[in-house]
Amino acid sequence: MAYAITQTCCNDASCVSVCPVNCIHPTPDEPEFGTTDMLYIDPAACIDCGACADACPVDAVFPVDRLRGPDTVFGDLNRDWYRDHPNDHAWGVPAFPRSLPDGLGQLRIAIVGTGPSAGYTAQELLRSTGAEITMIDRLPVTGGLLRHGVAPDHQSTKRIAESFAGVFHDPRLRVHLNVEVGTDVTHDELAAHHHAVVYAVGAAADRRLGMPGEDLPGSLPATTFVGWYNAEPTVPADAVALSGADADAGAGAERVVVVGNGNVAVDIARILLTDPDRLAATDIADHALAALRGSRVREVVLLARRGPEQAAWTRPEFLALRQLPGVDVVVDDHPEVRAAIAAAAPDSRAALLAGLPLERFDGEAEPRPGRRIVLRFLSAPTALTALAGCGRVSAVTVGRTALAGGRAELTGEEDVIRAGLVVRSIGHRGVPVPGLPFDEAAATVAHRGGRVIDPSTGRALPGTYVVGWAKRGPSGGIGANRACARETVDAFLDDAAARALLTPSATRKDFDRLIRRRRPDAVGLKELRAVDRAERTRGEAEGRPRVKLATVPELLAAGRRKG
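Residues numbered from 1 in each chain as written. Predicted model: local features only at pLDDT ≥ 70, side-chain atom pairs only at ≥ 80, totals over all residues. Heavy atoms only, no water.

(A) Just the packing of helix α3 (residues 116-128) against helix α14 (residues 480-497), in detail. At a minimum axis distance of 8 Å, the contact between α3 and α14 shows a crossing angle of 45°. Between α3 and α14, the angle is such that the two are oblique. Like other packed secondary-structure pairs, α3 and α14 cross with a definite hand, here right-handed. Residues Pro 116, Ser 117, Tyr 120, Thr 121, Glu 124, Leu 125 and Ser 128 of α3 form the contact with α14, whose participating residues are Asn 481, Arg 482, Ala 485, Arg 486, Val 489, Phe 492 and Leu 493. Grouping the constituent residues of the contact of α3 with α14 by class yields seven nonpolar, four polar and three charged. (Axes fitted to C-alpha atoms, helices over the stretch in contact; angles between N-to-C directions. Helix = DSSP H or I, 4+ residues; strand = E, 2+ residues; numbered from the N terminus. Parallel < 35°, antiparallel > 145°, perpendicular 65-115°, else oblique. Left-handed = near helix turned anticlockwise from the far one by under 90°. Contact = heavy atoms within 4.5 Å. Nonpolar A, V, L, I, M, F, W, Y, C, P; charged D, E, K, R; others polar.)

(B) Focus on the nonpolar core. Counting 118 residues, the largest nonpolar core has Ile 24, Met 135, Phe 225, Tyr 229, Leu 375, Phe 377 and Phe 492 as the members making the most contacts within it. In this structure, Ala 110, Val 112, Ala 191 and Leu 436 belong to the second largest nonpolar core, which totals 20 residues. (Core = buried A, V, L, I, M, F, W, Y, C linked by side-chain atoms within 4.5 Å. Buried < 20%, exposed > 50% of the residue type's maximum accessible area, 1.4 Å probe, protein only.)

(C) Molecular detail of the environment of Gln 106. Relative to the elements of secondary structure, Gln 106 occurs in the loop between α2 (73-84) and β5 (108-112). Exposure remark for Gln 106: the relative accessible area of 44% places this residue in the partly exposed category. Along the sequence, Gln 106 and Cys 15 sit 91 residues apart, while their C-alpha atoms lie 33 Å from each other. Leaving out residues up to four positions away in the same chain, Gln 106 has contacts with Gly 130, Ala 131, Glu 132 and His 195. Only 2.7 Å separates the side chain of Gln 106 from the backbone oxygen of Gly 130, close enough to count as a polar contact. (Polar contact = N/O pair within 3.5 Å; in protein donor to acceptor, adjacent residues only side chain to side chain.)

(D) Up close: the packing of helix α7 (residues 222-229) against helix α8 (residues 263-273). Two numbers describe how α7 lies on α8: the axes approach to 11 Å, and their chain directions differ by 45°. Considered as vectors, α7 and α8 are oriented oblique to each other. α7 and α8 meet at a crossing whose hand is left-handed. Here α7 contributes Ala 222, Phe 225, Val 226 and Tyr 229 to the contact with α8, which in turn contributes Val 264, Asp 267, Ile 268, Ile 271 and Leu 272. A breakdown of the residues in the contact of α7 with α8 according to their chemical character gives eight nonpolar, no polar and one charged.

(E) Representation of unusual backbone geometry in the model. Put simply, His 25 and Pro 26 share a cis peptide bond, and its omega is -5°. With respect to the helices and strands, Pro 26 occurs in the loop between β2 (24-25) and β3 (40-41). Backbone geometry at Leu 378 places phi at a positive 50°, although glycine is not the residue there. Among the secondary structure elements, Leu 378 is positioned in the loop between β15 (371-376) and β16 (379-385). Phi at Arg 499 takes a positive value of approximately 55°, unusual for a residue other than glycine. Tracing the backbone through its elements, the reader meets Arg 499 in the loop between α14 and α15 (508-518).

(F) The arrangement of the packing of aromatic side chains in detail. Scanning the model with the defined rule gives eight aromatic pairs in all. With 5.0 Å between their ring centres and 80° between their planes, Trp 81 and Tyr 82 make a pair best called edge-to-face. We note that Trp 81, like Tyr 82, is buried. Where Phe 225 meets Trp 228, the ring centres are 5.4 Å apart and the plane angle is 55°; that geometry is what we call tilted. With a gap of three residues between them, Phe 225 and Trp 228 both fall in helix α7, about one helical turn apart. Overall, Phe 225 belongs to the buried group, its relative accessible area being 0%. Under the relative-accessibility criterion, Trp 228 is labelled buried at 0%. Grouping aromatic residues by their ring pairs yields a cluster made of Tyr 40, Trp 81 and Tyr 82. (Phe/Tyr/Trp six-rings, centres within 6.5 Å; stacked < 30°, edge-to-face > 60°.)

(G) Geometry of the sheet that holds strand β25 (residues 459-466). An order of β7-β6-β5-β8-β25-β24-β23 is seen for the seven strands of this open sheet, with the pairing classed as mixed. The open sheet terminates on both sides in strands that have one partner only, identified here as β7 (173-177) and β23 (447-448). Taken together, the four bridges between β5 and strand β8 (residues 196-199) define a ladder with parallel strand orientation. Residue pairing across strands places Ile 109 opposite Ala 196, the latter belonging to β8. This element, α14, spans β5, β8, β24 (451-454) and β25 of the sheet and lies at about 130° to β25. Each of β5, β6 (132-137) and β7 touches α15; the most contacted strand, β7, lies at about 20° to it. (Pairing = 2+ DSSP bridges.)

(H) Quick look at the pairing of β15. Within β15, five of the six residues are buried, which leaves it mostly tucked inside the rest of the structure. Bridge analysis of strand β12 (residues 299-303) against β15 gives five bridges, and the strand direction is parallel. Residue Val 301 lies in a different strand from β15, and its bridge partner there is Val 374. Here strand β13 (residues 327-332) pairs with β15 via five bridges, running parallel. Following the sheet pairing, Val 329 is matched in β15 by Ile 373.

(I) Representation of the sheet that holds β16 within the structure. Taken together, the three strands give an open sheet; going across it, the order is β16-β17-β18, and neighbouring strands pair in antiparallel fashion. A strand with exactly one partner marks an edge of an open sheet, and here the two such strands are β16 and β18 (407-418). Averaged over all neighbouring strand pairs, the angle between strand axes comes to 25°, with direction disregarded. The sheet contact formed by strand β17 (residues 395-404) and β18 spans nine bridges and is antiparallel. Its bridge partner being in β18, Leu 403 is matched across the sheet by Ala 408.

(J) Geometry of the side chain of Lys 548. Structurally, Lys 548 is set in the loop between α16 (525-542) and α17 (552-560). Within polar-contact distance, the side chain of Lys 548 engages the backbone oxygen of Arg 147 at 2.7 Å. Within the structure, the side chain of Lys 548 is placed 3.1 Å from the backbone oxygen of Asn 230, a separation counted as a polar contact. Beyond its immediate stretch of four places on either side in the chain, Lys 548 contacts Arg 147, Lys 158, Asn 230, Ala 231, Asp 283, Glu 535 and Arg 538.

(K) Region of the structure containing the pattern of salt bridges. Following the criterion strictly, the structure yields 46 salt bridges and no others. We note a salt bridge from Glu 214 to Arg 424, for which the minimum N-O separation is 3.3 Å. With Glu 214 in the loop between β9 (205-206) and β10 (219-221) and Arg 424 in strand β19 (residues 421-424), the pair connects residues that are 210 residues apart, well separated along the chain. A single burial state applies to Glu 214 and to Arg 424, both of which are buried. (Salt bridge = Lys/Arg side-chain N within 4 Å of Asp/Glu carboxyl O.)

In structure tokens, the structure reads:
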């Protein structure tokens, strides 16, 4: 019986490299790899060896005959993908591991960030070089978006952290956490102590809507909401007020509007409406779980500027949303939306909506009984308003749009949706890194193939590199960072062979002393492991994978605790 890849696929291609018959596609060498929702196994070519299942870091690969319930659809998805993408599974040109030339001595490399892109970069460097690695993060814990971005009910996805465990046990690695580059230590100081510096700092800002009322209380960026339920230490426990959703919100007290329809928007809708007893078995922040238990929210409206065919969610995430127990998913009825669903090709985004109820949505009325998600396409918010004396968002003015040349243009038709909370989920944006050139148009560190460049001259800054969302913008999931890291590490290896790296004037011990002087409360590997033990011990007592410590003081105290 053939194997199939399911919803939790991370796209990092660990399975591709172990398949003896090359039947998993797209591979990192194929054009669709960077844009596909997931990878697929050809059931006609699969020899049922199970190597892919053993290699998968997120437990996404199963024999087709063992798929149950909503997962059975993935057997069909894997098979049908090859109907539209025939492949002879011929092997490409073999690639061999690279290494540094002799005579370079002991290299030292700093990696700024500890999320997935940093983890893949450290893996590649430790495997291909004998370099000493120093990882630096502004927070007292590692993981980046793997810890603070992946939804708590996606525990399988979080297991990819286990694939980075070897990095944090390598004797060549040191970490300096609770240290902010640009504040506690500068880029020039990093360059003075290392042969190369790699920035894996992500895209920390939210895109703005640029409309009246956007900054009212009760209007939140998605990063705040996601950080709130994931115990991100810089997001306070009271950052989200689900009760408001309170009586002052009038007809919208039980409704939340999420602007956007990508995977993060889907995550937010799912967390808001999932039975808290189910979330209690995850690593969701305690304060978020308590708020969700007391929440009156029972309807979430996802606003999409464009139509069903342009929906931004991935197929696996939306299929999981349709199967959420006790939650109805409906589509706001509109002639163009109805036509798009009726004309949808079988493997299109719009086809995923087939069979869902089409209902005319009245945003000024109370939500109907029960819990439901309303998908409203061809709709763009134009203003957020507060009822007199309310002091917080209570309504969203929404303009209808029409597609013209692929763009969504307002038609002039408007209506109002009453809501107690609005979450803006329209994408991330990179922010400038102190000491590095910034590409304002792309909102990334200015680079060429991972080498940071001076835009005025086009020349690369010696020994300075970028990886992840800070390099390519906020696109691609966790697994996309693997190929991205490999490209950047290849650039580093080329520069090392050309003797084009930095020439540090100070030692590793000098850098350690600098950090201790600037940040006496910096966290190292010993303290990091103590935090991990504390969270896992708390989780074990409650039948959960871990109970996260949600503030910097709590994390620092756990790190200092003995035993």
